[in-house]
Amino acid sequence: MTTHATFRRTALRRVLPAVAAAGIGIAGITGCSGGDAKAATGSKGTEQTTVQTRDTKADLKTQAGTAAALKKTAAGSTFPTWGTRWVVHASPDAGSPSVGMINKDAPGQDKITADYQVNTGKKVCEGNACSTYMAHITGPVTGFLSVIAVDIPQDSLPGVPVQGGPPPAPAPGGTRGEALQRAATWLTANNGAQVPYSQAKTWKDGYRQDCSGYVSMALNLGAPGTNTVGLTSSRITRPISVGELKPGDLLIDAAGDNNTRHVVMFEKWDNPAHTSYTAYEQRGGHGTDHRSLTYGLNGGEFKPYRPVKFTD
């Protein structure tokens with residue numbers, strides 16, 4: 001089965017009529033706090049009817065080569081491009097007005113500098129290669145460009161922060177039920193398996209793959225998510241008693257460092273005696289989990305909190 005990375009190394013790319021017509025086309029508990037909360041595309045001119053080829057050097061690129069090609073600057077990260085006449089848009093929307101163009105006269109003549117990217121939730125494809133990401137570029141034109149135009153194997157820009165973007169279904173996560181539904185999506189989001197745990201990586205929706213990033217996703221906070229201490233902010237939660245816990249409330253251990261702090265989302269009591277409860281959790285060594293817990297029921301560092309977006 002051909003992968004995106006394999007396809008994007010192919011020397012020839014053909015114009016897709018439907019894409020071009022849309023103006024999108026080518027030319028145990030392990031600490032999990034996380035650190036401090038650390039598009040569409042170019043349109044091909046109608047006079048062009050020949051296929052575009054990628055630069056020979058780009059054809060030889062590997063993942064390691066991509067990392068080597070990425071250059072950090074004060075303005076962002078610099079990447080090579082391929083093809084001709086990619087439209088740069090005014091906003092991260094394929095239908096927004098054009099503010100310029102890259103590779104206007106020759107394939108791959110421009111390198112772009114990106115300071116952040118947005119997961120638009122709308123897939124843009126060129127052949128078998130697809131991406132939902134649009135990069136905010138600061139040069140050679142300022143605006144938004146589909147990551148499809150960038151000459152890398154990945155469908156998003158490595159090392160570039162993700163901002164905004166659509167929430168995972170179901171949206172918007174403003175009620176207890178919606179928050180729990182969003183939490184459940186990560187149990188199967190990894191091709192039917194749970195999202196793996198990481199304090200450094202972000203998932204496809206832009207949220208960090210640690211416990212606080214996971215809870216931020218479930219509560220529909222901004223990506224990549226706040227850290228565990230940040231979740232105790234009065235802007236996000238308020239303290240409650242254990243007896244007040246309701247579905248969607250949190251139990252947070254904000255003490256210590258990123259190897260000891262943790263947060264889980266309460267779903268329900270397991271029994272009338274309230275000796276354990278079922279919760280959603282993103283934990284080290286496993287990833288997303290839905291299991292019975294006793295954190296916070298017998299004293300200790302875990303304290304119950306209620307998200308302020310829940311008005312009851």
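This structure is a prediction, so every number in the text was calculated from the model and none was measured.

(A) Geometry of the pattern of salt bridges. Under the counting rule described, the total for this entry stands at six salt bridges. The partner of Arg176 in a salt bridge is Asp249, with the nearest N and O atoms 3.0 Å apart. Taken as a pair, Arg176 in helix α5 (residues 176–185) and Asp249 in the loop between β10 (237–239) and β11 (250–253) lie far apart in primary sequence, 73 residues in all. With a relative accessible area of 0%, Asp249 lands in the buried category. Between Asp249 and Arg306 there is a salt bridge, with its nearest N and O atoms 2.8 Å apart. Of this pair, Asp249 sits in the loop between β10 and β11 while Arg306 sits in strand β15 (residues 303–307); the two residues are 57 residues apart in sequence, bridging distant segments of the chain. Residues Asp249 and Arg306 agree in their burial class; the two are buried.

(B) Here's a closer look at the environment of Arg208. As for its placement among the helices and strands, Arg208 is situated in the loop between α5 and α6 (211–218). Given a relative accessible area of 2%, Arg208 falls into the buried group. Along the chain, Arg208 and Gly225 lie 17 residues apart, while their C-alpha atoms are 6.5 Å from each other. Separated by 2.8 Å, the side chains of Arg208 and Ser212 make a polar contact.

(C) Local environment of the side chain of Gln209. For Gln209, the position within the fold is in the loop between α5 and α6. For Gln209, a relative accessible area of 5% translates into the label buried. A polar side-chain atom of Gln209 sits 3.4 Å from the main-chain amide nitrogen of Trp203. Leaving out residues up to four positions away in the same chain, Gln209 has contacts with Trp186, Val195, Pro196, Tyr197, Ser198, Lys201, Thr202, Trp203 and Gln282.

(D) Layout of α6. Of all eight residues in α6, eight are buried, a share of seventy percent or more. Taken together, the buried positions of α6 are Cys211, Ser212, Gly213, Tyr214, Val215, Ser216, Met217 and Ala218. Against the buried residues of α6 lie α5, β11, β12 (262–269), β13 (277–283) and β14 (287–293). In the segment just after α6, Asn220 is the residue with positive phi, at about 60°.

(E) View of the state of the cysteines. Applying the stated criterion across every chain, the model contains one disulfide. The side chain of Cys125 participates in a disulfide bridge whose partner is Cys130; the two sulfur atoms lie 2.0 Å from each other. Its S-S torsion of approximately 105° makes the covalent link between Cys125 and Cys130 right-handed. Here Cys125 falls in the partly exposed class, since its relative accessible area comes to 23%. With a relative accessible area of 13%, Cys130 lands in the buried category.

(F) Quick look at the packing of aromatic side chains. On inspection of all chains with the given rule, the structure shows seven aromatic pairs. When the centroid spacing of 5.4 Å and the interplanar angle of 40° are considered together, the rings of Phe266 and Tyr277 count as tilted. Residue Phe266 is located in strand β12, and its partner Tyr277 is located in strand β13; the two are separated by eleven residues in the primary sequence. You can call Phe266 buried: its relative accessible area is 1%. When the ring of Trp269 is compared with that of Tyr277, the centres are 6.2 Å apart and the planes differ by 85°; the resulting orientation is edge-to-face. Taking the relative accessible area as the measure of exposure, Tyr277 reaches 0% and is therefore buried.

Rules used in this analysis
Residues numbered from 1 in each chain as written. Predicted model: local features only at pLDDT ≥ 70, side-chain atom pairs only at ≥ 80, totals over all residues. Heavy atoms only, no water. Salt bridge = Lys/Arg side-chain N within 4 Å of Asp/Glu carboxyl O. Helix = DSSP H or I, 4+ residues; strand = E, 2+ residues; numbered from the N terminus. Buried < 20%, exposed > 50% of the residue type's maximum accessible area, 1.4 Å probe, protein only. Polar contact = N/O pair within 3.5 Å; in protein donor to acceptor, adjacent residues only side chain to side chain. Contact = heavy atoms within 4.5 Å. Disulfide = S-S within 2.5 Å. Phe/Tyr/Trp six-rings, centres within 6.5 Å; stacked < 30°, edge-to-face > 60°.

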